[in-house]
Amino acid sequence: MSGAAQEQVVNLAVFASGAGSNAQKMIEYFGTAGNGHKRINVSLIVSNKPEAGVLNIAAAYQVPTLIINRESFLKGNAYVDELKSAGINFIVLAGFLWKVPEKLVAAFPGKIVNIHPALLPKYGGKGMYGHFVHEAVINNKETESGITIHLVDEQYDHGARLFQATCPVLSTDTPDTLAQRIHHLEHAHFPRVVEDTVTRTLLL
Ligand code: GRF
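Rules used in this analysis
Residues numbered from 1 in each chain as written. Predicted model: local features only at pLDDT ≥ 70, side-chain atom pairs only at ≥ 80, totals over all residues. Heavy atoms only, no water. Helix = DSSP H or I, 4+ residues; strand = E, 2+ residues; numbered from the N terminus. Rg over C-alpha atoms; globule rule 2.2 N^0.38 Å. Buried < 20%, exposed > 50% of the residue type's maximum accessible area, 1.4 Å probe, protein only. Contact = heavy atoms within 4.5 Å. Areas by Shrake-Rupley, 256 points an atom, 1.4 Å probe, with all protein chains shown as cover. Lys, Arg positive; Asp, Glu negative; His and termini not counted. Charge placed at Lys NZ, Arg CZ, Asp CG, Glu CD. Patch = residues over 30% accessible without salt bridge, like charges linked within 9 Å, V, L, I, M, F, W, Y side chains within 5 Å. Salt bridge = Lys/Arg side-chain N within 4 Å of Asp/Glu carboxyl O. Phe/Tyr/Trp six-rings, centres within 6.5 Å; stacked < 30°, edge-to-face > 60°. Polar contact = N/O pair within 3.5 Å; in protein donor to acceptor, adjacent residues only side chain to side chain. Near = heavy atom within 4 Å. Nonpolar A, V, L, I, M, F, W, Y, C, P; charged D, E, K, R; others polar. Axes fitted to C-alpha atoms, helices over the stretch in contact; angles between N-to-C directions. Parallel < 35°, antiparallel > 145°, perpendicular 65-115°, else oblique. Left-handed = near helix turned anticlockwise from the far one by under 90°.

Caption draft 1: Inspection of the overall build of the protein at higher detail. Secondary structure assignment for the protein yields eight helices and nine strands. Scaling as 2.2 N^0.38, a compact globule of 204 residues should have a C-alpha radius of gyration of about 17 Å, and the protein matches this with 17 Å. Judged by the C-alpha coordinates and their principal axes, the protein covers about 55 × 40 × 30 Å. Taking all 204 residues of the protein together, the buried fraction comes to 49%. The contacts of the protein with a sequence gap of at least 6 include a subset with a gap of at least 24, amounting to 66%. Within the structure as shown, the protein displays about 9900 Å² of accessible surface, and the carbon and sulfur contribution to it stands at 52%. Between the centroid of the 17 positive side chains of the protein and the centroid of its 18 negative side chains there is a distance of 2 Å.

Here it is in structure tokens:
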């Protein structure tokens, strides 16, 4: 390992639009800037929704936040300058509902991961998020669902798959009960898969 790599600290930005339970798991696993995991920390929470629960979590753990606006995200600089000047070198999408613009993908090539609450390539693409995914899985009488953690490219739910884990779908499941089971899987695996990916791509 080179001296430079030994010194490097990776600052994660976690993008989330909702309650933020996965963002919380990331913060608990890695810690925050100057206060946690030696080489990887959660430095910034980014949200497109000023009322999102994830912002309360950010406040509780004293993680800086950035609220983004659709126009600037999609048609402006995609907040690349703001992320770079905050020292961000890796991005985690944890329940972030906007499509990531090409500018952001190009600025962080191979350095953006997403979690999807189903077994891609099934049940992915535009409109397939949150309870819509679980509803579709149940309506199609699937007996198995799960999670997919993948790299982000210019297309929805399309980049290289890094990890999948499965769980059963019960005949009695509702979208809510299935979502709970999927959340357990996400919380159990997502931080470790991010750690492995960051280590492989930036720290080795
Ligand atoms: C997760 O199930 C994630 O896979 C999906 O949105 C949900 C976010 O949950 N895309 P939370 O906000 O992390 O609790």
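Further notes follow.
Caption draft 2: Representation of a nonpolar patch on the surface in the model. Together, Leu97, Tyr129 and Phe132 make up an exposed nonpolar region whose accessible area comes to about 260 Å². On the accessibility criterion, leucine 97 (37% relative accessible area) is partly exposed.

Caption draft 3: Structural detail: the packing of aromatic side chains. Throughout the structure, instances matching the rule amount to seven aromatic pairs. Consider the rings of phenylalanine 96 and tryptophan 98, whose centres lie 6.2 Å apart with planes at 65 degrees: the pair is edge-to-face. Taken together, a centroid distance of 5.2 Å and an interplanar angle of 80 degrees make the contact between tyrosine 129 and phenylalanine 132 edge-to-face. Classification of tyrosine 129 as partly exposed rests on a relative accessible area of 39%. With relative accessibility at 34%, the residue phenylalanine 132 sits in the partly exposed group. An aromatic cluster of at least three residues, connected via ring pairs, comprises Phe15, Phe73, Tyr79, Phe96 and Trp98.

Caption draft 4: View of the pattern of salt bridges. The tally for this structure, following the rule as stated, stands at four salt bridges. In this structure, the salt-bridge partner of glutamate 71 is lysine 75, at a minimum N-O distance of 3.9 Å. One end of the pair is glutamate 71 and the other is lysine 75, both in helix H4 (residues 70–75) and four residues apart, which spans about a single turn. A residue is classified by how much of its surface remains accessible, and lysine 75, at 67% relative accessible area, is exposed. Lysine 122 is the partner of glutamate 142 in a salt bridge, and the nearest nitrogen-oxygen pair spans 3.0 Å. Of the two residues, glutamate 142 is situated in the loop between helix H7 (130–139) and strand S8 (144–151) and lysine 122 in the loop between strand S7 (112–116) and H7; the sequence distance between them amounts to 20 residues.

Caption draft 5: Seen up close, the environment of asparagine 69. You can see asparagine 69 is positioned in the loop between strand S5 (65–67) and H4. Polar side-chain contacts of asparagine 69 include one of 2.9 Å to the backbone nitrogen of serine 72.

Caption draft 6: Region of the structure containing the site of the ligand. Around the ligand sit Gly18, Ala19, Gly20, Ser21, Asn22, Gly95, Ile115, Pro117, His183 and Glu186, and those are all the residues in its vicinity. Residue glycine 20 places a main-chain N or O atom 2.7 Å away from an oxygen atom belonging to the ligand. In the environment of the ligand, an oxygen atom lies 2.4 Å from a nitrogen or oxygen atom belonging to the side chain of glutamate 186. Relative to its free-state accessible area of 370 Å², the ligand is covered by the protein chains to the extent of 86%. By residue class, the composition of the shell around the ligand is three nonpolar, six polar and one charged.

Caption draft 7: Fine view of unusual backbone geometry. In this model, leucine 120 is joined to proline 121 through a cis peptide bond whose omega is 10 degrees. Among the secondary structure elements, proline 121 is positioned in the loop between S7 and H7. The phi torsion at tyrosine 123 lies on the positive side, around 60 degrees, for a residue other than glycine. Topologically, tyrosine 123 is positioned in the loop between S7 and H7.

Caption draft 8: Seen up close, the packing of H7 against helix H8 (residues 175–203). Following both chains from N to C, one finds H7 and H8 inclined at 110 degrees, their axes separated by 9 Å at the closest point. The pairing of H7 with H8 is recorded here as roughly perpendicular in orientation. The way H7 lies across H8 gives a crossing that is right-handed. Judged by residue contacts, His131, His134, Glu135, Val137 and Ile138 of H7 engage Pro175, Leu178, Ala179 and Ile182 from H8. Residues that form the contact of H7 with H8 fall into these classes: six nonpolar, two polar and one charged.

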